[in-house]
Structure formats: structure tokens, C-alpha cells
Amino acid sequence: MSRVIAPRTPKGFRDFLPETMLRRSYALDRIREVFHLFGFEPIDTPILELHETLFGKYGEDAEQLIFTAQHGRSAKDPLAMRYDLTVPLARLVGQYESQLNLPFKRYHIAPVFRGERPQRGRYREFWQCDADIVGAASMSADAEIIIMMHEILKRLGFPQFIIKINHRKLLTAIGEYSGVPQDKLADLYRSVDKFDKIGAEGVQKELIERGIDAAAVSRMMDLIQSREPGGDSLDRAAKTIGGGDNGLAELRELAELLADASIADEHYDFDFTMVRGLGYYTGPIFETVISQPNLGSISGGGRYDNLIGMFRRQSLPTTGTSFGIERIIDLMDELDLYPPHLGGTLVQALVTVFSEETRRASTRIGGQLRAAGINTEVYLGRRKLGRQLAHADKKGIPIVVIVGPDEIAAGVVKLRRLRDGSEATVPEAGLARAVGEFLSNC
RNA sequence: GUGGAUGUAGCUCAAUGGCAGAGCACCUGAUUGUGGUUCAGGCGGUUGAGGGUUCGAGCCCCUUCAUCCACCCCA
């Protein structure tokens, strides 16, 4: 006898059983419906891209996390697994430009792969839900993205959330204003990004440890901490660092557009401590925070006007957002944001089978229920009725349709609602409507 | 990549260096047309793996693997 192979998945890769998949599908459906509502259309691309498509876009640190792939008999085109959905979009736009109408609004819901060490809410295969607008330079595109993020968070049921907004150019301007040298800017952003976690003192301490001049640090701290509601923090920043191409004018325009869309002040915040990791952003950047329980950000995004230029003679201004479904699911589990009817199964009715002699009758009745749009399971084993009821109960199927010799002889079926044990005997002709009524009271 | 914790039945966890256990789950019956409750019985283990110390190791030591947590980074 050969030995059994230990059944396991690779590190950071997961299986999903039905109960989990139902919750994931629910969240993805809510996100997808908002994408549709805003006029975004679906695309898909291969999991594998050519090595040259992915490398050179993210920065050295990130690229160490890219899974590479090869096939023994065709090794001449090095392959890699997609790291996000943004670079594949850029490639796709470069490749099919003539078939796309600009501005091109697409969404893409698919798995991506990063070779990081797994942790809670963080895996090596995870799903992203991206929506981007290609070929629109105006702030109304960025505003539309933010308004859509707001709608998604509302529909997922998060009671409190904040969309933080910052600007790549403002980060640069802040660094210059405080006199932080060019080669320390990356350190600066990294520390500033930890503001929520380690506080002002922590950031200050870390920056000084990294060799940034104390005077420059304190000038900068004053500026980035100017947290005031709505556009007021923009006014204050403008007073300090003045005009120029520092993103403040664009953020002000965004603020007006968000106000026009009646997005409540409490749901967005111009936060100069928010930094996005990926290197390709060029304009406004966004990130969503749900404060408790703290799992980090669940969505992010921003404007990246140059990326598509890597696959096309001329670049196209692009802005978009990405939702990470894994953290969303963890948070929704923790806050129990699922509707009550979302149980462990999608089966709505189980048709019992009394004996092999009556199986055909049960199959016929199951067919009628399915024709009426009711998710139906006809019992496939040979066990006594009690066991069939136990099966329904354990799976969480709300209704059992009992079809025995007595019922068949009388041309009726018996319905039983498991939640309260109530029963009804109905003629076969009125079955679907009776099940529908039972279901609506579940 | 760095540091820490934990690995015992399908799951959650017990067990001074001295006979490997409990609860849940599962199976059978009480109950041949009615689930959840109850009762009785049953199945279930190379204590993650490999080595060492010891009369004796689930427990101590070493190695290794896995998982979790905190960093790094990020969804």
C-alpha cells in the first residue's frame, strides 16, 4: 500500500469551504453591484504575466515578493504571477487601446499573489477588487472613485469608516519645506505612515534616529499634524508652505466635489500622515480606515498618471481604487455584518426520499421546486426520515418537504419548517407557492 | 528577512519525568414517518518530525518543519 500524502496547502494559500465562500460571495456581490452602479465594466487577465511586464514597476523591495513561474519545456519566456491588478490593467490598455473607449472605466475582481510571510488578514494569495478610470485627468474622476468607495463601505455595513486623502506632490512639498534631504525622503514617508500606530512622539523619535535634522523634523511635524475638518486643514497647510505645484489646489477641488456629492465630513479626512507604499502614484491618494477592530486599511488607491506610459508611447492619466477582500471579510466576521438569511447553506428546501419506490416522486417534486426558482436538494442517501431531517438541520436548510406513500397516494406533500417545527399539508399543484410563503417567514 | 510563542484524538484543550485523558464532533441504539434535548454504548493517538539525556520523555536538551503573534512591508 502506498502512503497517504499529507493533505495540505502551500504556506499562505487557503481553501474555502462552502460556509466561508457564501460570506465571501456576499461581500464581493455588494462590491460588484456598486461598480456596476457607477458604470464600471468587468475585465479579466491571466494570472501569469511575462516577467518583463511585472518587473520594474513596483520598486525593489516589492519585487522580491513576486512569485515567478516556469514550465520545463518552454522556459524561454520567464513568467511571473501578478502582484496586483493595476500593472495588468496598464498592459491591457497598451495592448487593446483601439478597442477601448476613453475614458475607460473597468473593474477587475481576481486573485493576486505576494510572497510575504502570512499573518492575520494577510496571505500569499488574496483577492483584490479594483476599479479604475483610464484617460481622465480631472479631479472629478478622483472624486467619483472616492464617492464610490464611500458607497461600497456603506453597503457592506461598516458603521464607522474614514477615507483618508493625501497627495503625492504634497508629501514631496512637505519634505522639501522642512529641509529633509532627498535621499531621506523614503525614510520620512515610512515613519510618517506609522503616525496612527506610534504617535507623534514615536514618529519624531524615529526620524531623528534615522539621521534627519531635529529642526526639520519639528517643522514638519507641526505641518502634518494640522488636522482640521474638511478643507480647513488645506487652508492651514497652504498658509505654511505657500502655493506652487504641491497638490493643495487639487485637493481643494476634490473637497468641493465631495461636498457637492453630500459625502459627510465624518467619512473623509485630508490626512497628511497617510502614505501609500507603491511607487507609481502621482496625484491624490486614498485609503480607508475602520478604526476598531484595527486590521489596517481595507482599501487604497490613487492617481498614477505615468504607469500606462510604460506600455504605450504616451501615458494616460489614470486614477482608481483597490479593495482587499481578505481584511474586509475578517472585519465583517468580527462585526457580524452579514444579513441573517446568510447561513451555512444556500439550499432552501430538502425533499426527503421515503424509500427507493418513492424516489421518482421526490425527484419530480424537487424538479417543480427548482422550476419555481427554489434552491432544492433531493436527498441522495438511503436513510430513514429522522436522519434526513437531521441532515437538513445540521446544514441549516430551512424547509423539509416530506414525500411519503401517504402523501403520494393523496396527491399532496407535507412541508416542515425546521426553525419552529410548524407543518402544512398542501396539494402538489400549490407546492411552490406554499414553500415560498414558508420561506418568507423564516 | 528579524524576534517571540505554540504544536497532544476531526475540533478545543488537560495530564509533578512514572498506566496518554476530558468536552465537543462522529457512529450505533433507546425511537421501522419527524431534526435540535436527553440517556446508554462505541470509534478515534507513532503526543508535528528526527536525534539526544534518563531505569523511564507528551514533559528536559538539540535539530527540523508547521502554525500564530510582533516587526519589516503591505490588501
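Residues numbered from 1 in each chain as written. Chains lettered and ligands numbered in written order. Predicted model: local features only at pLDDT ≥ 70, side-chain atom pairs only at ≥ 80, totals over all residues. Heavy atoms only, no water.

**Points about the pattern of salt bridges**
Here is the rule we go by: What counts as a salt bridge is simple: a side-chain nitrogen of Lys or Arg found within 4 Å of a carboxyl oxygen of Asp or Glu. Elements are defined by DSSP. Helices are runs of H or I of four residues or more, strands are runs of E of two residues or more, and each kind is numbered from the N terminus.
Enumeration according to the criterion identifies 29 salt bridges in this entry. The shortest N-O distance in the salt bridge between E287 and R276 comes to 2.8 Å. Of this pair, E287 sits in strand β9 (residues 284-289) while R276 sits in the loop between β8 (268-270) and β9, and the two are 11 residues apart along the sequence. Salt bridges linked by common partners bring R30, E33, E151, K154 and R155 together as one network.

**Some remarks on the packing of aromatic side chains**
Test applied: When the centres of two rings from Phe, Tyr and Trp lie within 6.5 Å, Trp using its six-membered ring, the rings pair. Their planes under 30 degrees apart give stacked, over 60 give edge-to-face, and anything left gives tilted. Burial classification: accessible surface area is computed with a 1.4 Å probe over protein chains only, and a residue below 20% of its type maximum counts as buried, one above 50% as exposed, and the rest as partly exposed.
Taken as a whole and judged by the stated rule, the model has 11 aromatic pairs. Between Y58 and Y280, the aromatic rings sit 6.4 Å apart at their centres with planes inclined by 55 degrees, giving tilted as the arrangement. Taken together, the positions of Y58 in the loop between α2 (51-54) and α3 (60-63) and Y280 in the loop between β8 and β9 put the pair 222 residues apart, joining distant regions of the chain. Overall, the relative accessible area of 5% leaves Y58 in the buried class. Here the aromatic rings of Y281 and Y304 are separated by 6.4 Å at their centres, their planes lie at 75 degrees, and the arrangement is edge-to-face. Taken together, the residues span a long stretch of sequence, with Y281 in the loop between β8 and β9 and Y304 in the loop between β10 (297-303) and β11 (318-324) at a distance of 23 residues. Considered together, Y281 and Y304 belong to a single accessibility category, that of buried residues. Through a chain of ring-to-ring contacts, the aromatic side chains of Y58, Y83, Y280, Y281 and Y304 assemble into a single cluster.

**Focus: the protein's contact with RNA strand B**
For the record, the criterion: Being near a molecule or strand, for a residue, means having at least one of its heavy atoms within 4 Å of it. Contacts described as polar in this section are N or O atom pairs within 3.5 Å, which, within protein, must combine one atom able to donate a hydrogen with one able to accept it, while residues neighboring in sequence count only if both atoms come from side chains. Three classes are used, and their members are as follows: Ala, Val, Leu, Ile, Met, Phe, Trp, Tyr, Cys and Pro are nonpolar, Asp, Glu, Lys and Arg are charged, and the others, Gly among them, are polar.
The environment of RNA strand B is formed by 36 residues, the closest being R190, K194, S297, R416 and L418. Taken together, the sugar and phosphate atoms account for 45% of what RNA strand B places within 4 Å of the protein. Between RNA strand B and D406, the relevant distance is 2.8 Å, taken from a base oxygen to a side-chain nitrogen or oxygen of the residue. Between RNA strand B and K414 there is a distance of 2.8 Å, counted from a base oxygen to a side-chain nitrogen or oxygen. At the level of secondary structure, the elements contributing two or more residues to the surface near RNA strand B comprise β6 (125-134), α14 (385-395), α15 (405-410) and β15 (412-417). Among the elements that make up the surface near RNA strand B, the one with the highest residue count is α14 (seven residues). Looking at the surface near RNA strand B, its residues break down into nine nonpolar, seven polar and 20 charged.

**Re a positive patch on the surface**
For clarity, the cut-off: Patches in this entry comprise residues that are over 30% relatively accessible and not in a salt bridge; like charges within 9 Å are linked, as are nonpolar side chains (Val, Leu, Ile, Met, Phe, Trp, Tyr) within 5 Å. Note on areas: Shrake-Rupley with a 1.4 Å probe; residue coverage comes only from the protein chains shown. Counting rule applied: Lys, Arg positive; Asp, Glu negative; His and chain ends not counted. To locate a charge, take NZ of a lysine, CZ of an arginine, CG of an aspartate or CD of a glutamate.
A cluster of like positive charges, contributed by R383, K384, R387 and K394, occupies part of the molecular surface. Along the chain, K384 falls in the loop between β13 (376-378) and α14.

**Looking at the pairing of β9**
Here is the rule we go by: Any two strands are treated as partners once DSSP identifies two or more bridges connecting them.
Judged by how many residues are buried, β9 sits mostly within the fold: six of six residues are covered. Judged by which residues are buried, β9 turns out to be covered on both faces: P284, F286 and T288 on one side and I285, E287 and V289 on the other are all buried. Here strand β7 (residues 162-167) runs beside β9; their pairing, made up of six bridges, is antiparallel. Counted as the bridge partner of I162 is V289 from β9. Bridge analysis of β9 against β10 gives five bridges, and the strand direction is antiparallel. Each bridged residue has a counterpart across the sheet, and for T288 the counterpart in β10 is S299.

**Some points on the layout of surface pockets**
Where we set the bar: A cavity here means a set of 1 Å grid points, computed over protein atoms only, where a 1.4 Å probe fits but cannot escape. A pocket is an open set with protein on both sides within 12 Å along at least 5 of 7 lines, and lining residues have an atom within 4 Å of a point. Grid points are joined across faces, edges and corners, and a volume is the space filled by probe spheres set on the points. Each domain span listed reflects an automatic or database assignment of domains.
Volume-wise, the second largest pocket comes out at about 540 Å³. Formed jointly, the lining of the second largest pocket draws a minimum of three residues from each of two domains, domain 1 (10-153 + 291-344) and domain 3 (349-440).

**Looking at the sheet that holds strand β2 (residues 48-50)**
Strand order in the open sheet formed by three strands is β2-β4-β3, with antiparallel pairing between adjacent strands. Only two strands of the sheet have a single neighbouring strand rather than two, namely β2 and β3 (68-69). In this structure, β2 lies alongside strand β4 (residues 79-81), joined through three bridges in antiparallel fashion. The partner of L50 across the bridge, within β4, is L79.

**A closer look at the nonpolar core**
The following threshold applies: In plain words, nonpolar cores are sets of buried Ala, Val, Leu, Ile, Met, Phe, Trp, Tyr and Cys residues tied together by side-chain atoms within 4.5 Å. Here, residues are in contact when the closest pair of their heavy atoms is within 4.5 Å.
Core analysis: the largest hydrophobic core is formed by 94 residues, its most contacted members being I31, F35, F158, I165, I328 and M332. Of all the elements, helix α5 (residues 139-156) adds the most residues to this core, at 10 residues. Taken domain by domain, this core gets at least three of its residues from each of domain 1 (10-153 + 291-344) and domain 2 (161-281). Excluding residues that lie within four positions of it along the chain, F35 makes contacts with F40, Y107, I109, C129, D130, A131, M148 and I152. V347, A349, I397 and V403 belong to the second-largest nonpolar core, a separate cluster that totals 27 residues.

**Overview of the environment of L188**
Relative to the helices and strands, L188 resides in helix α7 (residues 185-193). Residue classification places L188 among the buried positions, given a relative accessible area of 2%. Spatially, the C-alpha atom of L188 lies 20 Å from that of L248, the residues being 60 residues apart in sequence. Beyond its immediate sequence surroundings of up to four residues, L188 is in contact with G175, V180, L207 and M220.

**Here we look at the packing of helix α1 (residues 18-37) against helix α12 (residues 325-335)**
Definition in use: Axis geometry follows a simple rule: fit a line to the C-alpha atoms, using only the stretch in contact for helices, then measure angles between N-to-C directions, giving values from 0 to 180 degrees. Roughly parallel covers angles under 35 degrees, roughly antiparallel covers those over 145, roughly perpendicular covers 65 to 115, and oblique covers all other angles. It is the rotation of the near helix from the far one that decides the hand of a crossing: anticlockwise by less than a right angle makes it left-handed, clockwise makes it right-handed.
Between α1 and α12, the shortest axis-to-axis distance is 10 Å and the interhelical angle comes to 115 degrees. Accordingly, the angle class assigned to the pair α1 and α12 is roughly perpendicular. The handedness of the crossing between α1 and α12 is right-handed. Contact residues: R23, R24, Y26, A27, L28 and I31 in α1; I325, E326, I328, I329, M332 and D333 in α12. Classifying every residue of the contact of α1 with α12 by side-chain character gives eight nonpolar, no polar and four charged.

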